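What follows is the residue order along each chain.
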Amino acid sequence: MSAAPLSPAEAGYHFPPGFLWGTATAAYQIEGAASADGRGPSIWDTFSRRPGAVWNGDTGDIACDHYHRVDEDLELMTRLGVRSYRFSVAWPRIQPDGRGPANQRGLDFYRRLVEGLRARDIEPTLTLYHWDLPQALEDQGGWTARDTAERFADYVAVVSRALGADVARWITLNEPWCSAWLGYGSGRHAPGVADIGRAAAATHHLLLGHGRAVEVLRAAVPSAPVGITLNLGVHRPGTPDPLDVAAARRADGNLNRLFLEPIFHGRYPEDMLQHYRDDEPGFSVVRDGDLDQIAAPLDFLGVNYYFPDTIMDAGRSHEARVAGYGVPLGEQFPDLRVLSLETPGSDTTSMGWEVDASGLTELLVRIKSEYTDLPILITENGAAFDDYVDPNGRVLDHERETYLHEHLVAVHDALDAGVRVIGYFVWSLLDNFEWSLGYSRRFGIVWVDFPTGARLPKASYDWYADVIARNAVDKMGDLGEGPR
Ligand code: IFM
């Protein structure tokens, strides 16, 4: 009698041949060298100097000093074995005032990086905008001004002309929700504006900038794959009560549908247009033809996923307590009237984010059924934990290995469900500047000693190198070296 075939849970999870294993970073979070070689100020240089805006008054002035240590970081990637590196270009290095001729020394840095990657057989995945708007453009309204979308298109033309031949794939924007809603809605991110109507206008101008960038890229690099990276989530009603179901739908509208619908269906969701109808300027900035531009066909969708959200209606905090939920996490957008709740007993990361990989599978399956069958790249996934260097000089971040392991199994489940996931990028290669939380949160698979800049690969780096080498993750409960 022949033995029954092993299930993936028993045999391990193998990924399709050619699966694009990678790791990701962003310019302001790692580069430092804030005024080197003609770089102009960005909104994050300004915002991080505002008292109380960033934990400990931290700034990206030095960060990981990647600008000067790029060769060392390329070596780390080579040893890791990644097939692709996702990085962003700092617009203020290329156009210090956000417009006009290119700053050649800024371009030279990225040329060196891209050539270094190619020499090591690592595909450059280039993000054109990861939140560091030139301050000079913010002074003229930033993303609340339509002109910024045009300036972005000009900048994209400069970068694509200079680096086009060597870049493997292009990402127009990283997480435009954060730029619009944290930057102009809650004010927790640069430029620190708290005005819902301006956040809605910024949403539209960011998406318009994306559409214009796609047009420019199609002309400059016709054969290169182009996509956008969205931070998407799942919003689960805390109870079946219709009020909570409606609240979850509002949260979903703001985070997911406000971006997925215009990009893939060429329209803004009606309930969100209604919700923001009295906010000025809001979506009154939309002009004829804009949505066609925004819905320009793409080659892939980049998805950043970290955690799921449990949602109840803001008026139901008593019921939330009765249902056993902990203290609601702060209400970031009072107009949405949602409580974001922590599931009792759940594991959380040092960001306070709930660990639940099933949300990633759920999200990917939904994208396929409701929005697009395009190939999907997981352009970010990872976790911050309270890492430390132990007396033996090692960082044994087994919680991160577990997190990554569970999320890779979730990706595998999505593949089994027919979703075309073509790659996965760990956030992040290096510990880095975590925006308003400064250097207090460590997401890296490589430890960075910020006073000296020294790098130390963590246990999760070795674990991930092994996953890449085998194109597979082990079965659950078999995570290699001394797990948990
Ligand atoms: O560090 C950020 C990154 O810049 C964008 N996505 C989420 C990460 C973790 O918060």
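Residues numbered from 1 in each chain as written. Predicted model: local features only at pLDDT ≥ 70, side-chain atom pairs only at ≥ 80, totals over all residues. Heavy atoms only, no water.

Draft legend 1. Quick peek at the pattern of salt bridges. Taken as a whole and assessed by the stated rule, the structure comprises 42 salt bridges. Connected through shared salt-bridge partners, R249, D252, R257, D271, R366 and E370 make up one network. (Salt bridge = Lys/Arg side-chain N within 4 Å of Asp/Glu carboxyl O.)

Draft legend 2. The site of the ligand, seen in detail. Neighbouring the ligand are Q29, H130, W131, N174, E175, Y306, W353, E380, W427, E434, W435 and F443. In the model, a nitrogen atom of the ligand is placed 2.8 Å from a nitrogen or oxygen of the E175 side chain. At a separation of 3.3 Å, an oxygen atom of the ligand approaches a polar side-chain atom of W427. Starting from 280 Å² of accessible surface for the ligand in isolation, the protein chains cover 95%. Looking at the shell around the ligand, its residues break down into six nonpolar, three polar and three charged. (Near = heavy atom within 4 Å. Polar contact = N/O pair within 3.5 Å; in protein donor to acceptor, adjacent residues only side chain to side chain. Areas by Shrake-Rupley, 256 points an atom, 1.4 Å probe, with all protein chains shown as cover. Nonpolar A, V, L, I, M, F, W, Y, C, P; charged D, E, K, R; others polar.)

Draft legend 3. How the structure looks around unusual backbone geometry. Cis geometry marks the peptide bond from E280 to P281; its omega dihedral reads -5°. With respect to the helices, strands and loops of the structure, P281 is situated in the loop between helix 12 (270–275) and helix 13 (290–294). Note that the residue after W427, namely S428, is joined by a cis bond; omega there is 15°. The residue S428 is located in the loop between strand 12 (421–427) and strand 13 (446–449) in this model. Positive phi, normally seen in glycine, also occurs at R337, with a value near 55°. Along the polypeptide, R337 turns up in the loop between helix 14 (317–322) and strand 10 (338–341). (Helix = DSSP H or I, 4+ residues; strand = E, 2+ residues; numbered from the N terminus.)

Draft legend 4. Region of the structure containing helix 11 (residues 242–265). If you check helix 11, its first and last C-alpha atoms are just 27 Å apart, much less than what 24 residues at 1.5 Å a residue would give, namely 34 Å. The sharpest bend along helix 11 reaches about 50° and sits at N256. The element helix 11 is extensively covered by neighbouring structure, given that 18 of its 24 residues are classed as buried. For helix 11, the N-terminal capping position is held by D241, with its side-chain oxygen 2.7 Å away from the main-chain nitrogen of L243. (Expected span 1.5 Å × (residues − 1). Bend = angle between axes of the 7 residues up to and from the residue. Buried < 20%, exposed > 50% of the residue type's maximum accessible area, 1.4 Å probe, protein only.)

Draft legend 5. Broad picture of the environment of F433. Within the element layout of this structure, F433 appears in the loop between strand 12 and strand 13. Separated by 334 residues in sequence, F433 and R99 place their C-alpha atoms 26 Å apart. When near neighbours in sequence (up to four residues on either side) are disregarded, F433 contacts Y28, Q29, W44, V54, D58, T59, G60, G438 and Y439. (Contact = heavy atoms within 4.5 Å.)

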